[in-house]
Amino acid sequence: AQSVTQLGSHVSVSEGALVLLRCNYSSSVPPYLFWYVQYPNQGLQLLLKYTSAATLVKGINGFEAEFKKSETSFHLTKPSAHMSDAAEYFCAVSGTSSASKIIFGSGTRLSIRP
Amino acid sequence: SAVISQKPSRDICQRGTSLTIQCQVDSQVTMMFWYRQQPGQSLTLIATANQGSEATYESGFVIDKFPISRPNLTFSTLTVSNMSPEDSSIYLCSVESGGPGRAYGYTFGSGTRLTVV
């Protein structure tokens, strides 16, 4: 069984500050891990994914995430927040087989203060 | 990755009626997925739609309430039947991005925001 826990339903940072969104996973098999972003009134957009290659994954819009097996974590970071980063962020996990389902975390709403 | 067109983008419906949501993909895909996102919550998988076979429903979702059609490899519909206010949610369709296998992630439609009054 797989699950994802996102710590903090709402994170607020100042423009230009570091963004850190936390995600811990549980998986009985080697996982694939994803971060998605959802802007208001839109669908989900893939930010980045970990698929057992490099543990530090770079995505779009300056975001990156590091897979840490020892900590079962996949935290999302961005060095300098922009106002346009305000959105809902979802961490997700799946197994590697074609029959695996993707399981989403509860989401973290990121607000940016001017 | 695939481009998905989903419609309607939003609708306000009377309780007891039904709404059919359409999802069109610009390439052929084996599986299409339907999700529900209740207000302020995460995504829950409703069912997986394979072309040429019955959809596979997740626990808590039944075909009578959420009938799905998958007439070809680029199109699917989800119907929300006999609606009640509890069905007010965003409904999203999704396909695997770039090919089969979870390594590519998923591409999502823009969603249908349903309000039942």
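Right above here is the structure, for reference.
### Things to note about the interface of chain A and chain B
Next, step 1: Each partner contributes residues to the interface: chain A has 23 residues there, and chain B has 19 residues.
Next, step 2: With both chains or domains summed, chain A and chain B bury close to 1,500 Å², and 55% of this area falls on carbon and sulfur atoms.
Next, step 3: Linking chain A with chain B are zero salt bridges, by the criterion used here.
Next, step 4: On the surface where chain A and chain B come into contact, there are four residue pairs in polar contact (both at pLDDT 80 or more).
Next, step 5: Sort the elements by how many residues they give to the side of chain A that touches chain B and strand β4 (residues 32-38) of chain A lands first, with four residues.

### Topic: the pairing of strand β11 (residues 108-113) of chain A
Residues and elements named next belong to chain A.
Next, step 1: As judged from the five bridges shared by strand β2 (residues 10-14) and β11, these two strands associate in the parallel manner. Across the sheet, residue V11 finds its bridge partner in β11, namely L110.
Next, step 2: Looking at chain direction, strand β9 (residues 87-94) and β11 are connected through three bridges and run antiparallel. Residue pairing in the sheet places Y89 in a bridge with T108 of β11.

### What to know about the nonpolar core
Next, step 1: A:W35, A:L48, A:L76 and A:Y89 are the most contacted members of the largest nonpolar core, which totals 27 residues.
Next, step 2: Residue assignment for this core shows that the elements contributing at least two residues are β2, β3 (19-27), β4, β5 (44-50), β7 (64-68), β8 (73-78), β9 and β11 of chain A.
Next, step 3: Among all residues touching A:L48, those that are not within four sequence positions of it are A:L33, A:F34, A:W35, A:V57, A:K58, A:G59, A:F63, A:E64, A:A65, A:F74 and A:L76.
Next, step 4: If you look at the next biggest cluster of nonpolar residues, it comprises 26 residues, including B:A2, B:V29, B:Y57 and B:L114.

So, how was this worked out
Residues numbered from 1 in each chain as written. Chains lettered and ligands numbered in written order. Predicted model: local features only at pLDDT ≥ 70, side-chain atom pairs only at ≥ 80, totals over all residues. Heavy atoms only, no water. Contact = heavy atoms within 4.5 Å. Buried area = accessible area lost by both parts, 1.4 Å probe. Salt bridge = Lys/Arg side-chain N within 4 Å of Asp/Glu carboxyl O. Polar contact = N/O pair within 3.5 Å; in protein donor to acceptor, adjacent residues only side chain to side chain. Helix = DSSP H or I, 4+ residues; strand = E, 2+ residues; numbered from the N terminus. Pairing = 2+ DSSP bridges. Core = buried A, V, L, I, M, F, W, Y, C linked by side-chain atoms within 4.5 Å. Buried < 20%, exposed > 50% of the residue type's maximum accessible area, 1.4 Å probe, protein only.

Treat this as a map of the structure, not an account of what it does.
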